[in-house]
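Here is what each chain is made of, one letter per residue.
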Amino acid sequence: MSQTLDLFPIGNCAASALIDRAGRFVWACAPRVDGDPFFSALLGGQDPGAAEACGVWSIEVEGAVETIQAYLRNTPILRTEIRNADGAAVEIVDFAPRYRHLGRQYRPLAFVRIVRPLRGAPRIRIRLRPMTNYGERPCAQTMGSNHIRYVGHDVTLRLTTDAPVSHIAEERAFRLEESVSLFLGPDEGFDSEVSTATLGMLRETTAYWRGWVRTLSVPLEWQEAVIRAAITLKLCAYEETGAIVAALTTSLPEHEAEGGRGRNWDYRYCWLRDAYYVVQALNRLGAADLLENYLVYLRNLVDQATRGDMTAGVDPSAQREIPGLEQARPANGKAGHVQPVYGVGLEPVLTEWIAPHLPGYRGIGPVRVGNQAHEHLQHDVYGQIILSSVQAFFDERLLRPATADDFRALEPIGERAFELHDKPDASLWEFRGREAVHTYSSVMCWAACDRLGNAAAKLGLSARADYWNARAEQVRGTIETRAWNAEEGRFAATFEGDGLDASLLQLVDVRFLPADDPRMQATMAAVEHGLRRGRYMLRYAIPDDFGLPKTAFNFCTFWLIEALHLSGRTGEARDLFEEMLARRTAAGLLSEDIALDGEELWGNYPQTYSLVGLINCASLLSKSWQSIR
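Just so it is clear, the structure is predicted and the values come from calculations on it, not from any experiment. (Residues numbered from 1 in each chain as written. Predicted model: local features only at pLDDT ≥ 70, side-chain atom pairs only at ≥ 80, totals over all residues. Heavy atoms only, no water.)

### What about the sheet that holds strand S30 (residues 551–553)?
Spatially, S30-S31-S32 is the arrangement adopted by the three strands of the open sheet, whose pairing is antiparallel. Two strands in the sheet have a free side with no partner beyond their single neighbour: S30 and strand S32 (601–602). For S30 and strand S31 (residues 593–595), the ladder comprises three bridges, and the chain directions are antiparallel. When the sheet's bridge partners are listed, Phe553 is paired in S31 with Asp593. Packing against the sheet, helix H13 (residues 554–566) makes contact with S30, S31 and S32, and its axis sits at approximately 60 degrees to S30. (Pairing = 2+ DSSP bridges. Helix = DSSP H or I, 4+ residues; strand = E, 2+ residues; numbered from the N terminus. Contact = heavy atoms within 4.5 Å. Axes fitted to C-alpha atoms, helices over the stretch in contact; angles between N-to-C directions.)

Rendered as structure tokens:
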């Protein structure tokens, strides 16, 4: 079986893993989502089922001829059924525990596999081959009577099981005559009978997720797709800090490599832009918990930015040696400077390096760890901080509504947005080789000022409302003058430019212009004509650091669907939305990119941008609940 992105994520907002169509763990990082991959077969460059494959956790059934997989309804708990030629069958239930315990949320770095015979007494073989230091070597092992310890570089995990541990250690085939449980988790004693405990964890975890889904306000149509996307967005949250990562993986290439140069990036970090879109989409479904937790992350980040404390947790004696640290400090000594991306623990320095021991997905390297984007200037992030935060000034559901102190903490962010609205940056597409004044970035700076005006008015701070509204009007005037291309009769991607960028479609979503404004209609038509390739949309159609784009960007296709609907072409929008749904994996998910012929997904997975687009379009296009009541 060759490597594909047809993978099922499981997780608990602390631990996460990807399971392939044969029921094998092929990706899981420890101790955090951005850590060393304990299971790394996804980037091993070979079939994970090969006898020599490492970084994998498989449960193989002798003579297997058929595998059936599906999530338990409204959960990220995966059920895999494997049948053999003799009619015997095995059921595997995989999940990461999550539920309330002793007044706290129990979400350990742990994975549970419950394996039981459904028919007959099939022979199985368990291969548990974790790796350390990004695929450099297998984890060292020590054994006890009912456990095996796997000693990695950053973490040691312990497998506790009621299966014979020697069968697992020696990868010996054995008859499965009764249910066995495997708990791979913290290196500590397991103080309960393992099968009873894991069945209890399964029951409680199922109840948690189904209870959470019940709180969602889903559209009438496409409910299963929306629920699966929402659950997966929640899996991309690192709940301890409130961070939301862009994807669970690193270095899944954007397309087939040419000349050994892959568009491979590490997305296991918190981009403020991506997180803004995630909380915006989940807000549309009424999921306030992720917003509240992410606002904690943002408030800590704003504190760091406004106080210039961007070296939290870094040894002062080592700061001089850390690449990128100067870019992490407030620019020109001014408070309020913010990077586009941070670590899940608010780390400002994400030094990018190549992992030499992992050949990459299908051998397409390099495998990158870290992301140079932490050094970039991307001015749209100031708007996204305030757009994410402003709801807290109005939403009475929240446990901690925003206060005047919160408003004052955000004002330096607004000042930076105003200062930088007409300055060049790397854009939301993170160009590494050029800068320009990008219209999208400037519009987000306008949004920062505009929304601060709204927040000030809500707080009764009329003088501050007038101040920020005046600044917003000044930025609007600059955009309408310098981003407008009179010769083409539309907005351009950059000031005084003539290029196109799919992000221009976002001028409606952020309320810079209404969809029926003639300038916006002309811009939407131009973007569709210039960037649409058959059914799908490019981000841009100009060469970047790696040449011309060769795949479409799924989030931009969802932007196109929104634009079609807003232009009165709702039938076309619905047809294209159904097309995108048909391109999802068996798990109901999407990666970042898709081949222009629609035959294969590429890029990191599962991609929050793409799932946000799915939720937004379903909410926009669905028939009303009133139509059936």
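### A closer look at the packing of H13 against helix H15 (residues 608–621)
The geometry of H13 relative to H15 is characterised by a closest axis approach of 8 Å and an angle of 15 degrees between their N-to-C directions. When the axis of H13 is compared with that of H15, the two are roughly parallel. Between H13 and H15 the crossing geometry is left-handed. Here Asn554, Phe555, Phe558, Ile561, Glu562 and His565 of H13 come into contact with H15, specifically with Tyr609, Ser610, Val612, Gly613, Leu614, Asn616, Cys617, Leu620 and Leu621. Residue composition of the contact of H13 with H15, grouped by class: nine nonpolar, five polar and one charged. (Parallel < 35°, antiparallel > 145°, perpendicular 65-115°, else oblique. Left-handed = near helix turned anticlockwise from the far one by under 90°. Nonpolar A, V, L, I, M, F, W, Y, C, P; charged D, E, K, R; others polar.)

### As for the pairing of strand S6 (residues 64–71)
As defined by bridge partners, S6 adjoins strand S7 (residues 78–84) across seven bridges and the pair is classed as antiparallel. Looking across to S7, one finds that Tyr71 is bridged to Leu78. Linking S6 to S7, which pair antiparallel, is a turn of six residues; within it Asn74 sits at a positive phi near 60 degrees.

### Details of the sheet that holds S7
The eight strands are arranged S6-S7-S8-S11-S19-S17-S16-S15 in an open sheet whose pairing can be described as antiparallel. With partners counted over all chains shown, the strands left at the sheet margins are S6 and strand S15 (140–143), one partner each. When strand polarity is set aside, the average angle formed by the axes of neighbouring strands in this sheet is 15 degrees. Pairing of strand S16 (residues 147–151) with strand S17 (residues 156–161) involves five bridges; the strand directions are antiparallel. For Arg149, the partnering residue across the bridge sits in S17 and is Arg158.

### Quick notes on the packing of helix H14 (residues 570–582) against H15
Where H14 meets H15, the axes come as close as 11 Å, and the angle between the chain directions of the two elements is 145 degrees. Remark: the crossing between H14 and H15 carries left-handed chirality. Across the interface between the two elements, Thr570, Ala573, Arg574, Phe577 and Leu581 from H14 touch Leu614, Cys617, Ala618 and Leu621 from H15. Tallied by class, residues from the contact of H14 with H15 come to seven nonpolar, one polar and one charged.

### Things to note about the pattern of salt bridges
Tallied over the entire structure, the rule returns 48 salt bridges. Note that Arg175 is salt-bridged to Glu177, the shortest N-O span being 2.8 Å. Put simply, Arg519 and Asp517 hold a salt bridge, and the shortest N to O gap is 3.0 Å. Overlapping salt bridges bring together Glu66, Arg79, Glu81, Arg83, Glu91, Arg116 and Arg119 as one network. (Salt bridge = Lys/Arg side-chain N within 4 Å of Asp/Glu carboxyl O.)

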